[in-house]
Amino acid sequence: MNPANYLYLSALLFTIGAAGVLIRRNAIIVFMCVELMLNACNLAFVTFSRLHGNLDGQIIAFFTMVVAAAEVVVGLAIIVTFFRSRHSASVDDADLMKL
Amino acid sequence: MDPLIGALVGAPLLGAGILLVGGRRLDRTGHWIGCLWAAVSFVIGVVLFADLLSRSPAQRTLTSHLFTWVPVAGFQADVGFQLDQLSMTFVLLITGVGTLIHIYSVGYMEHDENRRKFFGYLNLFLAAMLLLVLADNYLLLYVGWEGVGLASYLLIGFWQHKPSAATAAKKAFLVNRVGDMGLSIAIMVMFTTFGSFAFRPVFAHVGDVSQGRLTTIGLLLLLAACGKSAQVPLQSWLGDAMEGPTPVSALIHAATMVTAGVYLVVRSGAIFNAAPTAQLAVCVVGAVTLVFGAIVGCAKDDIKKALAGSTMSQIGYMMLAAGLGPIGYVFAIMHLVTHGFFKAGLFLGAGSVMHGMNDEVDMRRFGALRTYMPVTFVTFGLGYLAIIGFPGLSGYWSKDKIIEAAFAKGGTEGWTLGAVALVGAGITAFYMTRVMLMTFFGDKRWQPDAEGHEPHPHESPKIMTIPMSILAFGSVFAGGLFSINSAFLKWLQPVTGHSDGHSPVATWEITVATLVVLILGVGLAWQSYGRQAVPAVAPRGSLLTRAARRDLLQDDFNHVVLVRGGEHLTRSLVYLDHTVVDGAVNGTAAGVGGLSGRLRRLQNGFVRSYAVSMLGGTAVLVAATLLMRGV
Amino acid sequence: MSFPLLTVTAVVPAAGAVVTAAVPAARRTAAKWTALAFALATLVLAAVVTARFSPGGARYQLTESHAWITAFGVRYELGVDGIAVVLVLLTAVLVPFVMLAGWHDADPLETSDRRWRPTQGFFALILLVEAMVVIAFESTDVFLFYVFFEAMLIPMYFLIGGFGDQAGAHGEDEQARQRSYAAVKFLLYNLVGGLVMLAAVIGLYAVTAHQLGAGTFSLPQILHDRANGTLTLSTTAERWIFLGFFFAFAVKAPLWPLHTWLPNAMGESTAPVAVLITAVVDKVGTFAMLRYCLQLFPAASKWATPVILVLAVIGIIYGALLAVGQRDIKRLIAYASISHFGFIILGIFAMTSQGQSGATLYMVNHGVSTAALLLVAGFLISRRGSRRIADFGGVQKVAPLLAGTFLVGGLATLSLPGLGPFVSEFLVLVGTFTRYPALGVIATLGIVLAALYVLVLYQRTMTGPVKAGIEGMKDLKVRELVVVAPLIALLLFLGVYPKPVTDVINPAVKDTLSDVHRTDPPPKVTVPAVAAAKENAK
C-alpha cells in the first residue's frame, strides 16, 4: 500500500480536528478535536518514519502521546472547574482574556 | 598721561559700583560720593586738556591700550582709548555739565528715598558716556552706546512705581535698540570689509572700498544716530523720556546722550565724506527733525515736553550740519557744546520751577513766576536768549554758522536745507518765547495739586541755583569765546578737517534774514501769549495743533502698526505653536494611540478567534516556506 | 598609568548621588550638605581639569582609554578638547548654585511617614545628572557618549515629573496632570531622538566594521582613519548617518520646530530643575553638534548647512516672538532660551571661527545668564505662589534687591554690552554675517525682540503700583544672595574679560574648522588683522 495514503488520512483528520476546534462551542468537543489534531500529527510522524526508514518520527510520536495525556489531565480539570463556576461548557463564555 | 584716560572712565564707574553695591548704609552720604567721583573725572579731564593744549596741534592724539578684549582669529576687539580734540571736547562737556547736574541733583532729589541709587545711575551714565566718546574702536563705542542707553532706561524709569515712567523707559530702550541694531550691523559690514572695526585702520582704508559699501555703512550709522539722538523716524521716545527726574532730562536727554548720534556721524566723517548719498540722508533727517521737533515744541503745554521738542529740533540742526561734510562738522560740534550749556540750563530752570510749584509741569498753570523766582527767571531767560540766537549769545554764533553752511552746499539742496534751517530758527523763537511768556509772565494761573496743596512758589536752594547760574554764564559767553579768532575751529580742525564753502548768499544777508525771522517768531508769540491772557485750559486748536500735541501722530501710528500688529502677531504665533507645531506632535501621539486602540479590538477574549489567528499564521508560514523553497 | 582625572571628575558626583540617597530619611539637612559637598568637590576637580589643560597642545588631552565591549569595538575613551573643558567647568559651576537655589524645593510637606524621603532623591538625582553630563562631555567614544546621552533622560524625567513647581494656576490635580504630561513629553521627544541616533550609531559601526575589518566607535581613530584614507563614507551613507545624529541633537538643543517639549518641561519643573534642563542638559545637544556632527560628517554638515541655518534663524525670531506673547514667567524664559539656542546653532553652522567660538562662548554665557534669571524668577515665584505674570506688579517697591538682580539677569538675557552674553552673541552674529549677510541681518532683529520680552516682563512684574499679594514680599535672603551674586559677578567677568575662555576655545574651534575644510572669508580690503590691531594699539 502506498504510504502516501496515510498522509492523506492524516491531513483529513487534522482538518476535521481544526474545523471542530473552530466551529464547536462545547469545550469537551473542542478538546476532543484538539486530540484528533494531535493524533493526526502522530500518524504523519509515524508515516514519515516509515518512509525515511529511521525511528525519529516514531520516538516523537511517543513524546506527543505523553504530552497529550498530560494535557488531557490539566485540560479536563480546567473544564470541570469552569463548568462548576459557569454552569456551561461553552468556550464563548470564557472571554475574560482581554483588556 | 595715557593711563589717566582709563581713569577718566574708571572714576565714575567706581562711583557707580560703590553706590549700587554699597546698599542702604550709604544712603546718607551717597549723593556726595556720586558728586565726588563726577568731580574727579572732571578734574582729570581738565588735566588732560591742559596736557593736550601744551602739545602742537598735530600731536594732540593720545591713545591708551588697556587689554585685549575678544580675540577670535581675525576678529580682534580691544579695550583701547583714543583721546583727541573731538573726544576732549566731549569729555569736558560731559564731565563739566555732568558735575554741575550732580550738584544740582543733591538739592532736587533731597526728599527722594532712593537718592543714593539715583547718583549711582548718574555715575554709571557718566562712565558709559565717557567710554562712548573715548573708545578707539566701534565695538567699544557700542558698549558705551548701549551703556548710556541702559543708564537712560534706569533713570527715565527711576520712579518705577509710576506706570507711565516704566512705560516710557521701556519705550526709550526699545526704540534705541532699533538704532543699535543699525550700529551693530554697521560694525559687521566694517569687519567683513576692512577686517577690523577700529577707527584708524577703517578710516585709513576708506579709499580702497566701493562707494556702495560705504553708503551702506553710512546709512546704518545714521540709523544708529537716529535712535540715540531722537531723529525722525526714531524720535518718538524723547518726549516720553521726560517722565524721568528733571536733572536726568537736563544731562542725558538734552546736553549729552542724545547728542551721541552727532558724535557718531562726525567721528565717522571719513566714511561719510566718501559716501555722498549717506551724507544727503543725514542732512534730510536733520532737516526733517528740525522742523518736526520745532512744531511739536510749539504745541506742548508740558514745559519739559516743549523743551524736549526743542532738543529734538536743535539736534536736527547738528545733524544737518554734520551731514554737510567737512564744512559743517566743526559747527555741528560747536552747536552741540553751546546747546549743552543753554539746554541744560533751561531744563534745570524748568526743574527749579517744578520744584517750587509742587511738581506741576503744565505751563497753563504757571504764570507770573518771575517775581517769585528771580534767579531761575534770570538764568532761564539767558538760556532762552541763547537758544533763539539773540545776537552775541552762544546760540547766535553756532546756529548762524550752520545756516550759512547749509546755504553753502549749493544747488537746490543748499537752498532747500538753508531755507528749512532759517524757518526753523523762526519757529524756535516762537516756541521758546511761548514757554517764557507762559511760565514767567502773564497772570497767575496756579492750581492746587491732586492732593489739594496750594502751590507756594519759592526760589530754589543755592545748591540748585549755583549750577544754573554757571550754565547761564556758559550760555551767554561760550559761543562768543569759541568764535574769538575762530578758536574752536582751529582746535577741532585737525580731527574733523574743515573746508570753507562758497555761500551763494553773503554772510551779512544770512544774519539779517535770521534776525528777521527771529523777530517775527518772537512777535507772533507775543501776539498770542503775551498780549492775550493764556487760557488755563488748552483750547481745541487747529488740526495741526492737535496733531502736534500728539507728537504729529507718530505714536498713534506706532501703536496701531507696531504695538497692535505685534500683539496680533505674537498671539497668533502662540496659538499656532500650540495647535500646529505642538499639535503635529500631539497628533502623532494621538494617532499612535488610536491605532493601538483599533488593534486592541482583535484581543476579544474568544478562544476560537485566537485559534483562527494561530491557524492563519501557521498557514502563512507554511505557504511562505513552500514559496521560498520554490525560489 | 597617570591619574584618571576625567573619570574621577565624573565618578565623584555619581558617588555623591549614591551617598546622598543613602542618608536616612530624618537627616534631611545632612543629605543636602552631603550633596553640596560632593558638588563642590566636583567643581574643584573640574577646576583642576581646566588648569591641567593646556590650550594649543594636543587636541584631546588627559585622555584615558580602556577596552569595554570588545565584541563591538566599544571603548571607554575619555579626553577633553577646549570646548569640552569649558562646558565641564560650566556644569560643575552651575550645579552647586542649582542646589543652593533649590535648598527647600524638595522638603516634604508632611513628615508623618518616616520612609518618605524626597529630599534625598532630589539632590541625588541632581548629582546623577551632573555625573552623566560630565561624562558625556568627556567621552571621545561615540557609543559611550550615546549611552550617557540617553541615560541622563532618566534622572531628568524624575526631576521634572517628581518635583514640580507648586505654583500652577489650576489647583493641585490639574497641576499634577500638567506635570506628568510635561515629563512624559520630555522623555518621549528625547527618546525618539535617541532612537534615531541609535540607528545612526549602528550604521556608523556597520560602515567601520565593513571597511576597517573591526568596527570602532572611537572618535580619534575614525578621524585618523578618514584622514589617511582607510575609511571613506559614501555620500549617501554619510548624509543618512549625519541626519540621524543631528536629529537627536536638534531635539535636545532644541531647534525649531522640535522645541515644544521645552516650554512644558521648564514651565512645570521647579526653577533649579529648569536651569538644569536648559543650562546644562541641553548644552550636550549643541556640544554634540559641534563635536560629532561636524567632525564625523564634514561633507554632510556642509550639505545640510543651508537648511539648518534657516531653521536656526526661524528659531531665533520665532522663540523671541513667542516669548513676547507668554503669560507665564517660566514659559517666557523657556521661549527666550529657544531663541538663544537658535543663536548657538547658527554660530556652529556658520562655519567661521567667530561663529563657532561665539557659539561655544554662548553656551557658557547662556548657562550663566539663564541660571541667574531663572533662579531669581524661581525665588519670585515661590514667594508669590504663582508664575502668572499678571499676578505680579510693583515688586521693586517691596523687594528692591530681588527686582535689581532680576533686572541684571534680564539685561544679560537681552545681551547688554558689559555682560557676558553680549560678547558671544556679537561673535555669532559677526561670524554669520561674514558668510551669510542676509541671515546675519535677520538674526540681528532678535536683539530688538529680546529687549522687548525682557523689558515687558520686568515692567509687568516689577514696576508700577504694588499689586495685591505682593505687599508683604520679603527681599532676598542670604542663601539666595549667595546664589545670585556670584552668578552676576561671573556675567560681568565674562563680559569684560572673556579672553581666558576664548583662549581655551579658539584652538579647538580651529581644529574643528579644519575638519570641515572651511576657512574664514577674508575681508574685502586686505588689512592683515594683526597689523591692524598693532597699528591701532600704537
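About the thresholds
Residues numbered from 1 in each chain as written. Chains lettered and ligands numbered in written order. Predicted model: local features only at pLDDT ≥ 70, side-chain atom pairs only at ≥ 80, totals over all residues. Heavy atoms only, no water. Helix = DSSP H or I, 4+ residues; strand = E, 2+ residues; numbered from the N terminus. Buried < 20%, exposed > 50% of the residue type's maximum accessible area, 1.4 Å probe, protein only. Contact = heavy atoms within 4.5 Å. Lys, Arg positive; Asp, Glu negative; His and termini not counted. Charge placed at Lys NZ, Arg CZ, Asp CG, Glu CD. UniProt positions renumbered as here; feature names shortened; annotations may be inferred. Salt bridge = Lys/Arg side-chain N within 4 Å of Asp/Glu carboxyl O. Polar contact = N/O pair within 3.5 Å; in protein donor to acceptor, adjacent residues only side chain to side chain. Nonpolar A, V, L, I, M, F, W, Y, C, P; charged D, E, K, R; others polar. Disulfide = S-S within 2.5 Å. Expected span 1.5 Å × (residues − 1). Axes fitted to C-alpha atoms, helices over the stretch in contact; angles between N-to-C directions. Parallel < 35°, antiparallel > 145°, perpendicular 65-115°, else oblique. Left-handed = near helix turned anticlockwise from the far one by under 90°. Core = buried A, V, L, I, M, F, W, Y, C linked by side-chain atoms within 4.5 Å.

Q: Help me understand the overall build of chain C in this model?
A: When its secondary structure is counted, chain C shows 21 helices and two strands. Evaluated residue by residue, chain C yields a buried proportion of 64% over its 538 residues. Once local pairs closer than 6 in sequence are excluded, the contacts in chain C between residues at least 24 apart make up 82%. The positive charge centre, built from 38 side chains, and the negative charge centre, built from 30, are 4 Å apart in chain C.

Q: What exactly am I supposed to notice about the UniProt feature "domain: NADH:quinone oxidoreductase/Mrp antiporter transmembrane" (unreviewed entry) in chain B here?
A: UniProt tags residues 135-420 of chain B as "domain: NADH:quinone oxidoreductase/Mrp antiporter transmembrane" (unreviewed entry). The span residues 135-420 of chain B is 76% helix and 0% strand, and its two end C-alpha atoms sit 34 Å from each other.

Q: Looking at this structure, I do not really get the interface of chain B and chain A. What am I missing?
A: One widely used convention gives an interface's size as the accessible area the parts lose upon coming together. Facing the 11 residues of chain B at the interface are 12 residues of chain A. Applying the counting criterion to the chain B and chain A interface returns zero salt bridges. At the boundary of chain B with chain A, the tally comes to two residue pairs in polar contact (both at pLDDT 80 or more). Sort the elements by how many residues they give to the side of chain B that touches chain A and helix α24 (residues 607-630) of chain B lands first, with six residues. In terms of residue class, the side of chain B that touches chain A is made up of six nonpolar, three polar and two charged.

Q: Could you clarify how one ought to interpret the side chain of C:T278 in this entry?
A: Residue and element names in this part refer to chain C. Mapping T278 onto the fold places it in helix α11 (residues 271-296). Note on T278: relative accessible area 0%, which makes it buried. A distance of 3.2 Å separates polar atoms of two side chains, one belonging to T278 and the other to S337. Setting aside residues up to four positions removed in sequence, T278 forms contacts with M266, K283, S337, F341, H366, T370 and L374.

Q: Got a minute to help me understand the UniProt feature "domain: NADH-Ubiquinone oxidoreductase (complex I) chain 5 N-terminal" (unreviewed entry) in chain B in this structure?
A: Taking the numbering used here, the UniProt-annotated feature "domain: NADH-Ubiquinone oxidoreductase (complex I) chain 5 N-terminal" (unreviewed entry) corresponds to residues 69-119 of chain B. Within the segment residues 69-119 of chain B, helix and strand shares are 57% and 25% respectively, and the terminal C-alpha atoms sit 29 Å apart.

Q: Got a minute to help me understand the pattern of salt bridges in this structure?
A: Within the structure shown, the criterion is met by 23 salt bridges over all chains. Among the salt bridges present, the one from B:R267 reaches B:D84, with a minimum N-O distance of 2.8 Å. One end of the pair, B:R267, is in helix α11 (residues 260-267); the other, B:D84, is in the loop between β2 (75-83) and α3 (85-108), and 183 residues separate them in sequence. Assigned by exposure class, B:R267 and B:D84 land together as buried. Notably, a salt bridge pairs C:E238 with C:R226, separated by 3.6 Å at the nearest N-O pair. Here C:E238, found in helix α9 (residues 235-252), pairs with C:R226, found in helix α8 (residues 219-227); they are 12 residues apart in sequence, far enough to count as distant. Each of B:R24, B:D27 and B:R116 takes part in a single network of salt bridges with overlapping partners.

Q: Is there a simple way to think about the arrangement of the chains in this case?
A: The interface with the most contacts, out of two pairs of chains in contact, is the one formed by chains B and C. For the non-touching pair chain A and chain C, the nearest C-alpha separation works out to 23 Å.

Q: Whenever I open this one, the state of the cysteines confuses me. Can you help?
A: Covalently bonding the sulfur atom of one cysteine to the sulfur atom of another cysteine gives a disulfide. Residue and element names in this part refer to chain B. Considering all chains together, one arrives at zero disulfides over all chains under this definition. Looking at the unpaired C226, the closest cysteine sulfur is the one in C283, lying at 12 Å. Note on C226: relative accessible area 3%, which makes it buried.

Q: Can you walk me through helix α21 (residues 507-530) of chain B in this structure?
A: Each turn of an α-helix holds 3.6 residues, which means side chains three or four residues apart point in the same direction. If you check α21(B), its first and last C-alpha atoms are 33 Å apart, about what 24 residues at 1.5 Å a residue would give, namely 34 Å. Burial in α21(B) covers these residues: B:I510, B:T511, B:T514, B:V517, B:L518, B:G521, B:A525 and B:Y529.

Q: Would you mind showing me how to read the packing of helix α13 (residues 276-299) of chain B against helix α18 (residues 411-440) of chain B here?
A: The geometry of a pair of packed helices is captured by two quantities: the angle between their axes and the separation between those axes. Residue and element names in this part refer to chain B. Axis separation between α13 and α18 bottoms out at 9 Å; the angle between their running directions is 25°. Taken together, α13 and α18 sit at an angle that is classed as roughly parallel. For the pair α13 and α18, the sense of crossing is left-handed. The segment α13 lies against α18, with L280, C283, A287, L290, V291, A294, G297, C298 and A299 engaging E413, L417, V420, A421, G424, I427, F430, Y431 and R434. Its residues assigned to classes, the contact of α13 with α18 shows 14 nonpolar, two polar and two charged.

Q: Would you take a moment to explain the nonpolar core for this structure?
A: When a protein is soluble and globular, its nonpolar side chains tend to lie buried together. Core analysis: the largest hydrophobic core is formed by 411 residues, its most contacted members being B:F75, B:L134, B:L221, C:L159, C:F245, C:F249 and C:F349. Among residues more than four places away in sequence, those in contact with C:F249 are C:F145, C:F149, C:M197, C:G285, C:A288, C:M289, C:Y292 and C:C293. Ranked by size, the runner-up nonpolar core spans 10 residues in total, among them A:V21, A:A27, A:V30 and A:I79.

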